[in-house]
Amino acid sequence: MDELKRLEREVRDLQAQLRRQTEEAERARRDLIAEQKHRLEAYQAEMQRAVRDHDSAAKARYEALLQEYQHSLTADVQQELSRVNADYDRLLKDTKRKEALLKEKSRELEQAVETLRQNAAARDEGSSRDARVCLENATAAYRTVSRKPHEKFMPHRLDVLSGALDEGRQLFHAGLYEAAAAVAISARSGMERLGYAVDDKAEEWERQFTLFSLRLDYLHEKLRQEIADWAAFAQLPPGERGQERVRRVIEIDFWSRGVMGEVMQTEKAARRILNEYSQSGRDDYLKRPESPSVEELARLTETLVTADKRLTDVSGLYKQRYAAACERADWGECLIDFLTEEINLVWVEGMSGFQPADSETLASPAFRDYTMNCFPRADIREDVRGRLRLVFDSTGDARIFVYLVPEESGATVTNRVILHIDYAGAEDAAYTRDMLSHVCEAIGAEEGDGTVRYASDAAQLKTSTNPVLRDTGKDLQKQNSEW
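All chains use their own residue numbering, which begins from 1 and follows the written sequence. Totals for whole chains, interfaces and linings use all residues, but because this is a predicted model, local features are given only for residues with pLDDT of at least 70 and pairs of side-chain atoms are given and counted only at 80 or more. To get the side-chain values, all heavy atoms of the structure are used, and hydrogens and water are removed first.

K.L.:
Can you explain the overall build of the protein chain? Please cite residues and give values.
P.N.:
The helix and strand labels rest on DSSP assignments: H or I over at least four residues marks a helix, E over at least two residues marks a strand, and numbering proceeds from the N terminus. Helices and strands together make up the secondary structure of the protein chain, namely 17 helices and six strands. A simple rule labels every residue: compare its accessible area, found with a 1.4 Å probe on the protein chains alone, to the largest value its type can have, and call it buried under 20%, exposed over 50%, or partly exposed in between. Expressed as a percentage of its 483 residues, the buried residues of the protein chain come to 45%. We call two residues in contact whenever any of their non-hydrogen atoms come within 4.5 Å of each other. Pairs at least 24 residues apart make up 72% of the contacts formed inside the protein chain by residues separated by at least 6 positions. Accessible area of the protein chain: about 25200 Å², with a carbon and sulfur share of 48%. We get accessible surface area from the Shrake-Rupley algorithm with a probe of 1.4 Å; when it comes to residues, only the shown protein chains can shield them.

Rendered as structure tokens:
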């Protein structure tokens, strides 16, 4: 028994030394993380102002701080501290030596306990008082660890130690006091190591959760501002609550081709996690089986980063799409008025209209919600984000096709006009030139500036590397074949 107590003292002393050294080594890392967290929290009000005022420089500074904080959560920072700080490096090396020594002493203790366990049938002359104290200490250690989120970070480890504690009680009741004390000493040592490990993991989890929360708040602010910006851009009445807000989100989702909806779903799923955490508190939340692990939190954080980038990338583009669609509608009205009134063409209304939506577009929530909420009719089948086709007949048996086509390049959307004339006989070059001039005049474009082009052959358009022009060529060929 004296040998067991000696080993227990050595193990406990090593555990205490190792804990002190680990805390000392972590202090520098914690200080760095705490400093970066403090800077982030101090900058949050500035971040909200930057988002509201579209201060790209301030937003870039905040995003850089987020990146620094995220970097500080990785082992890279520990390596960097070791590289630049000789005392820190020596401390880490000494810690590793003590970890190896603790492992060896723990192994010796386990071997001594196992020897006593195997000889439990022998007459035991140990003290019942000593055994009772050892069991009480082990029980207290068990209660302490049981209140921690051990299943989240070290699943089933406490069950094994609890089984050892039960075995110690059985040995005690059987009068095998020395064996009972040995098992209790081993169980207590294991529980204390488990408690330290759980505390370290919980602290790591909380740091990762802080980054997750900061990223979520940043995305939330950008979404809120995006809705306000859209209302201002589209000259809509302000409204950030209720049905007005829902309508704004639907409109943005439509013009962003579903990106807004996906980003908001990401934000909503993350917000549920944050709300559950706030309602439960850290320890209770970590005891839930469904609460995310550190690795899952890191993945969720990256999902928020990706959603943020997608929102930033599409922010200017969807507004350009909307503006270009409005321009196509205006140009269409100008062309119909000019070509029918000034040069007596006949508008073929049944063949004119915006691009028909394909089956995938019709089934998409972005299209479905937009048509149901923004139009008086729910059976809309045209996609106003696409090209606008206008068809006219002339008195000389020629059919004129005018396509108003949006071309996207990065965050820029430019409307182009493609004119095609299907002559009943040979092509009339003079008439073609006149029509090009009329189209330019109708929409206020300069001839030769690239806005209006003539396509004599639909087959050539079909071979274009530009997918929009290629699709226009297919439609033009289809219309010609049906005429």
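There's more to say after this.
K.L.:
Quick rundown of the packing of helix 8 (residues 177–233) against helix 10 (residues 259–280)? Include the residues and the values.
P.N.:
The convention used is that axes are lines fitted to C-alpha atoms, helices contributing only their stretch in contact, and that angles between N-to-C directions extend from 0 to 180 degrees. Across the interface, helix 8 lies against helix 10 with an axial gap of 10 Å and an inter-helix angle of 135 degrees. Viewed along their axes, helix 8 and helix 10 adopt a mutual orientation that is oblique. Seen from above, helix 8 lies across helix 10 with left-handed handedness. Residue-level contacts link Trp205, Glu206, Phe209, Phe212, Ser213, Leu216, Asp217, Leu219, His220, Leu223 and Ile227 of helix 8 to Met260, Val263, Met264, Glu267, Ala270, Arg271, Ile273, Leu274 and Tyr277 of helix 10. Residues are grouped as follows: Ala, Val, Leu, Ile, Met, Phe, Trp, Tyr, Cys and Pro are nonpolar; Asp, Glu, Lys and Arg are charged; all remaining types, including Gly, are polar. Per-class residue counts for the contact of helix 8 with helix 10 are 14 nonpolar, two polar and four charged. Angular relationships are summarised with four words: roughly parallel below 35 degrees, roughly antiparallel beyond 145, roughly perpendicular across 65 to 115, and oblique for the angles in between. What makes a crossing left-handed is the near helix being turned counterclockwise from the far one by less than a right angle; a clockwise turn instead makes it right-handed.

K.L.:
Give me the lowdown on the nonpolar core, citing residues and values where you can.
P.N.:
Trp205, Leu335 and Val402 are the most contacted members of the largest nonpolar core, which totals 89 residues. A per-element tally of this core places helix 8 first, with 19 residues. Leave out the neighbours within four places in its chain, and Val402 touches Leu335, Leu388, Arg389, Leu390, Phe392, Val417, Ile418 and Leu419. By size, the runner-up hydrophobic cluster in this structure holds 14 residues, among which are Tyr62, Leu73, Leu211 and Leu214. Among buried residues, the Ala, Val, Leu, Ile, Met, Phe, Trp, Tyr and Cys ones that are joined through side-chain atoms within 4.5 Å form a nonpolar core.

K.L.:
Describe the packing of helix 12 (residues 294–341) against helix 15 (residues 429–443), listing the residues and the values that go with them.
P.N.:
The geometry of helix 12 relative to helix 15 is characterised by a closest axis approach of 8 Å and an angle of 125 degrees between their N-to-C directions. The pairing of helix 12 with helix 15 is recorded here as oblique in orientation. Seen along the crossing, helix 12 lies across helix 15 with a hand that is right-handed. Residues Trp331, Cys334, Leu335, Phe338 and Leu339 of helix 12 pack against Met435, His438, Val439, Glu441, Ala442 and Ile443 of helix 15.

K.L.:
Kindly report on the environment of Asp200, identifying the contributing residues and their values.
P.N.:
Tracing the sequence through the fold places Asp200 in helix 8. Once the C-alpha coordinates of Asp200 and Phe153 are considered, the two residues, 47 residues apart in sequence, prove to be 9.7 Å apart.

K.L.:
An account of the packing of aromatic side chains is needed here, citing residue identities and associated values.
P.N.:
Centres within 6.5 Å are what make two rings of Phe, Tyr or Trp a pair, Trp counting through its six-membered ring; a difference in plane orientation under 30 degrees is then read as stacked, over 60 as edge-to-face, and the rest as tilted. This model, assessed by the stated rule, comprises 18 aromatic pairs. Aromatic pair Phe209 and Phe212: ring centres 5.6 Å apart, planes at 45 degrees, arrangement tilted. Of this pair, Phe209 and Phe212 both sit in helix 8, three residues apart, roughly one helical turn. Owing to a relative accessible area of 3%, Phe209 belongs among the buried residues under this scheme. Residues Trp230 and Tyr322 carry aromatic rings whose centres are separated by 4.9 Å and whose planes lie at 75 degrees to one another, so their mutual orientation is edge-to-face. Taken as a pair, Trp230 in helix 8 and Tyr322 in helix 12 lie far apart in primary sequence, 92 residues in all.

K.L.:
A description of unusual backbone geometry should follow, citing residues and the corresponding values.
P.N.:
Positive phi outside glycine occurs at His156, with the angle close to 70 degrees. By the secondary structure assignment, His156 is in the loop between helix 6 (150–153) and helix 7 (157–173). What makes His156 exposed here is its relative accessible area of 53%. At Asn344, a residue that is not glycine, the phi angle is positive and equals roughly 60 degrees. Its place among the elements puts Asn344 in the loop between helix 12 and strand 1 (346–347). Given a relative accessible area of 53%, Asn344 falls into the exposed group.

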